[in-house]
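# Geometric and topological summary
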Amino acid sequence: WFVKTLAMIEREIGIVDLVCAHSFGCSVVLDSTVTGSKKVILLNPVPTPSAMYSRYSRLIVNSAHFWAHIYNWPIFVLLRGMTLTKINTQESLQRVRWVGRNSPSTYRQIIFQATLVNIILDKTVFDGTKSGDISLVISGMFDTTAVERDTLDMQAVFGDTELIFLRGGHLLPIETPSRVAHLINDAMVH
């Protein structure tokens, strides 16, 4: 569905030169149609979900109809944010709350997202990433969602792709947006 969406965007809006994906989005953009023709940057990819993340994903799938009703409650938005972020400054927590208020998931989106957990748990999604088609991988030094948590682990998945670890957790674009933007900007220029 991402390839179809990208084609529609290019038809309706214009050519896309760079695709930047975060977390689950990293798994979705790893299609040879995309990686072979676009500059691709991955933020906080999860090649192998950690045991904790796998359990959480399965819990969400099995109880999605319940969670969908309370997912956007401010306390749960804040708890998820505090769990995923490792830079818990007042500014980063304000950004977590802002996203929760201004971009809440609908009931239907939450149920649909729960059905996509198999993509997250599919260990073959990242099989082709050593080909050199990924421009840059940016990960949080303290991201606990992936088993791969250091340069050597990530090199085993991404080969010679440039890897950058920033201080932070799984929500780097919220935790340190200026640093992430700087790296994306550099990758777009070079």
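Structure first, text after, so check above.
First, a word on scope: everything that follows refers to the structure included in this document. What you see is a predicted model; the values in this text were computed from it and never measured.

Let us now look at the pattern of salt bridges. According to the stated counting rule, one finds one salt bridge in the structure shown. Two residues, K38 and E10, come together in a salt bridge whose shortest N-O distance is 2.5 Å. Here the residue K38 occupies a position in the loop between α3 (32-35) and β2 (39-43), and E10 occupies one in helix α1 (residues 2-12), the gap between them amounting to 28 residues. Owing to a relative accessible area of 23%, E10 belongs among the partly exposed residues under this scheme.

With that out of the way, let us pick up the packing of helix α6 (residues 74-84) against helix α7 (residues 90-102). Axis separation between α6 and α7 bottoms out at 9 Å; the angle between their running directions is 135°. With respect to their mutual orientation, α6 and α7 come out oblique. Taken as a pair, α6 and α7 cross one another with a handedness that is right-handed. Where α6 approaches α7, its residues V77, L78, G81 and M82 are matched on the opposing element by L93, V96, R97 and G100.

Our next topic: unusual backbone geometry. Although it is not a glycine, S23 adopts a positive phi angle of roughly 55°. Along the chain, S23 turns up in the loop between β1 (18-22) and α2 (24-29). A positive phi angle, close to 50°, is found at N44, a residue other than glycine. Among the structural elements, N44 can be located in the loop between β2 and α4 (51-62).

Moving on to α4. Spanning twelve residues, α4 covers 17 Å between terminal C-alpha atoms, matching the ideal 16 Å at 1.5 Å per step. Y53, S54, S57 and I60 are the residues of α4 that are buried. The buried residues of α4 all sit within an arc of 125° when viewed along its axis, so they share a single face. Across from the buried face of α4, at angles greater than 90 degrees, the exposed residues are R55 and N62. The inward-facing, buried residues of α4 abut α5 (64-70), α8 (107-115) and α9 (117-121).

Definitions and limits used
- Residues numbered from 1 in each chain as written.
- Predicted model: local features only at pLDDT ≥ 70, side-chain atom pairs only at ≥ 80, totals over all residues.
- Heavy atoms only, no water.
- Salt bridge = Lys/Arg side-chain N within 4 Å of Asp/Glu carboxyl O.
- Helix = DSSP H or I, 4+ residues; strand = E, 2+ residues; numbered from the N terminus.
- Buried < 20%, exposed > 50% of the residue type's maximum accessible area, 1.4 Å probe, protein only.
- Axes fitted to C-alpha atoms, helices over the stretch in contact; angles between N-to-C directions.
- Parallel < 35°, antiparallel > 145°, perpendicular 65-115°, else oblique.
- Left-handed = near helix turned anticlockwise from the far one by under 90°.
- Contact = heavy atoms within 4.5 Å.
- Expected span 1.5 Å × (residues − 1).
- Arc of directions from axis to C-beta.

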